[in-house]
Amino acid sequence: MPIAQSLHKARVPVYIFTDDVDHTAIQQLLNIASLNIVHPHVAAMPDVHAGVGATVGSVIPTRAAIIPGAVGVDIGCGMNAVRTTLTASQLPDNLAKLRSALEAEIPVGFRQHAWNRMRGSALVRVGKPLNDRLDKIVAKHKSIMRMLPKFYQTWICQLGTLGGGNHFIEVCIDEEQRVWIMLHSGSRGVGNVIGKHFIWAARKEMWRHQIHLPDKDLSYFTEGSELFDDYIEAVQWAQDYALANRSEMMRRALAVLEKEVTSFKLDGEAINCHHNYVSQETHNNENLFITRKGAISARMGEMGIIPGSMGARSYIVRGKGNPESFCSCSHGAGRRMSRGEARETFDADDLAAQTQGIECRKDKGVVDEIPAAYKDIDAVMAHQHDLVEVVHTLRQVVCIKG
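Only a predicted model underlies this, so the values are computations on that prediction, with no experimental measurement involved.

What counts, and where the lines are drawn
- Residues numbered from 1 in each chain as written.
- Predicted model: local features only at pLDDT ≥ 70, side-chain atom pairs only at ≥ 80, totals over all residues.
- Heavy atoms only, no water.
- Core = buried A, V, L, I, M, F, W, Y, C linked by side-chain atoms within 4.5 Å.
- Buried < 20%, exposed > 50% of the residue type's maximum accessible area, 1.4 Å probe, protein only.
- Pairing = 2+ DSSP bridges.
- Helix = DSSP H or I, 4+ residues; strand = E, 2+ residues; numbered from the N terminus.
- Axes fitted to C-alpha atoms, helices over the stretch in contact; angles between N-to-C directions.
- Contact = heavy atoms within 4.5 Å.
- Parallel < 35°, antiparallel > 145°, perpendicular 65-115°, else oblique.
- Left-handed = near helix turned anticlockwise from the far one by under 90°.
- Nonpolar A, V, L, I, M, F, W, Y, C, P; charged D, E, K, R; others polar.
- Salt bridge = Lys/Arg side-chain N within 4 Å of Asp/Glu carboxyl O.

A. Region of the structure containing the nonpolar core. In this structure, Met182, Ile305, Ile306 and Val388 are the most contacted members of the largest nonpolar core, which totals 45 residues. Leu159, Phe221, Ala234 and Val278 belong to the second largest nonpolar core, which has 29 residues in total.

Below, the structure written as structure tokens:
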């Protein structure tokens, strides 16, 4: 039996692919499993931990309904990785210059950035098609524009920027000493605003229809309603924006690598996948909306990325199409401590010790991302051998955090 735990304390079962799960996350999973729109069961990945309303590391199948709070506000957050023909021996001995060059080309953090970075052909190629679709969304939901200062300039400015928190850019080495670029980001400020707008709208719908829930952040839209259709359009836009954002950052990162190291080619391994998103899928001959909240798709033969913390290994994997997980696997190591707990427990010296040998920030500003705040990635991987097979094992040599 591939399932470590199977809970039957709610309307539908919860299948949990780990034995490392806290009580708060268990209760959140049971809350989800009690909803009458959820079918046939809920799946929890090995990196599962408590989130806002919906558990991070959960896969939520719904019939004719979607829960905006389960998708969250970092809509389309995910990973992008490419393998190059470079080898570790071709990287400079001192990686500080490479890290500085990447930080100079790809803005990090939450501040606004000069929008001329997206000038010329890149703006036409990426920005205009997205802009035309966004116009239609904002015309119906004007509060989206009001929630983000200088709305249109902001989302264009942020296309090709990293953001902060657990988002990162890394230079990695695999088991064959080949060099990879790997990055993690989402739909930036505009995705956050779209998420919040529709989460609030869903709460109002529950109040209007007098539907009582175990958690207000599990409010939902039902198929056939105008808000359901509007959310589908908006969430798809944000997911496409997140893909474009990662692609633009990857384009810039590869250009920096070529300038700072030497010319190279890409080697056929290129993955760009969401891990906070919703999609319409067929499972067991039934059409469902699958929300992956901190989980990636792992259909049979599908390639995916499971990153560790900034001081641990990461994995390129191939899906096994396990039906009990709705063809899914974990999206990373998963947090063991909240950001506040990590800052109270550790300091910059601890961070420096745990990231020894990696070119990265080692100051108190990123202590909340210290490896010890996360679960052991190797233990997480051990719990999902029925979900994925490991294709490549990566170790970071450069890690950039916002």
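B. Here's a closer look at the sheet that holds strand 12 (residues 286-293). Ordered by their spatial adjacency, six strands build an open sheet running 1-2-3-4-12-11, and the pairing between neighbours is mixed. Strands with a single pairing partner mark the edges of an open sheet, and in this sheet they are strand 1 (5-7) and strand 11 (276-283). Pairwise comparison of adjacent strand axes, ignoring direction, gives a mean angle of 20 degrees for this sheet. Sitting on the sheet, helix 1 (residues 23-33) touches strand 1, strand 2 (14-16), strand 3 (42-49) and strand 4 (56-62), and the angle it makes with strand 3 is about 160 degrees.

C. Inspection of the packing of helix 7 (residues 188-208) against helix 8 (residues 226-260) at higher detail. Between helix 7 and helix 8, the least distance of the axes is 10 Å, while the angle of their chain directions is 160 degrees. One element, helix 7, and the other, helix 8, form an angle in the roughly antiparallel class. When the axes of helix 7 and helix 8 are compared, the crossing they make is left-handed. Taken together, the residues of helix 8 that come into contact with helix 7 (itself represented by Arg188, Val190, Gly191, Ile194, Phe198, Ala201 and Glu205) are Leu227, Asp230, Tyr231, Ala234, Trp237, Ala238, Tyr241 and Asn245. Classifying every residue of the contact of helix 7 with helix 8 by side-chain character gives 10 nonpolar, two polar and three charged.

D. Geometry of the pattern of salt bridges. As enumerated under the stated definition, the model contains 27 salt bridges in all. For Lys140, the salt bridge goes to Asp230, with nearest N and O atoms at 2.9 Å. Placement of the pair is Lys140 in helix 4 (residues 120-140) and Asp230 in helix 8, with a sequence separation of 90 residues. According to the relative accessible area criterion, Lys140 is partly exposed, its value standing at 46%. Residue class for Asp230 comes out buried when judged on its relative accessible area of 7%. Several salt bridges share partner residues, and in doing so they unite Arg335, Arg339, Arg343, Asp368, Glu369 and Lys401 into one network.

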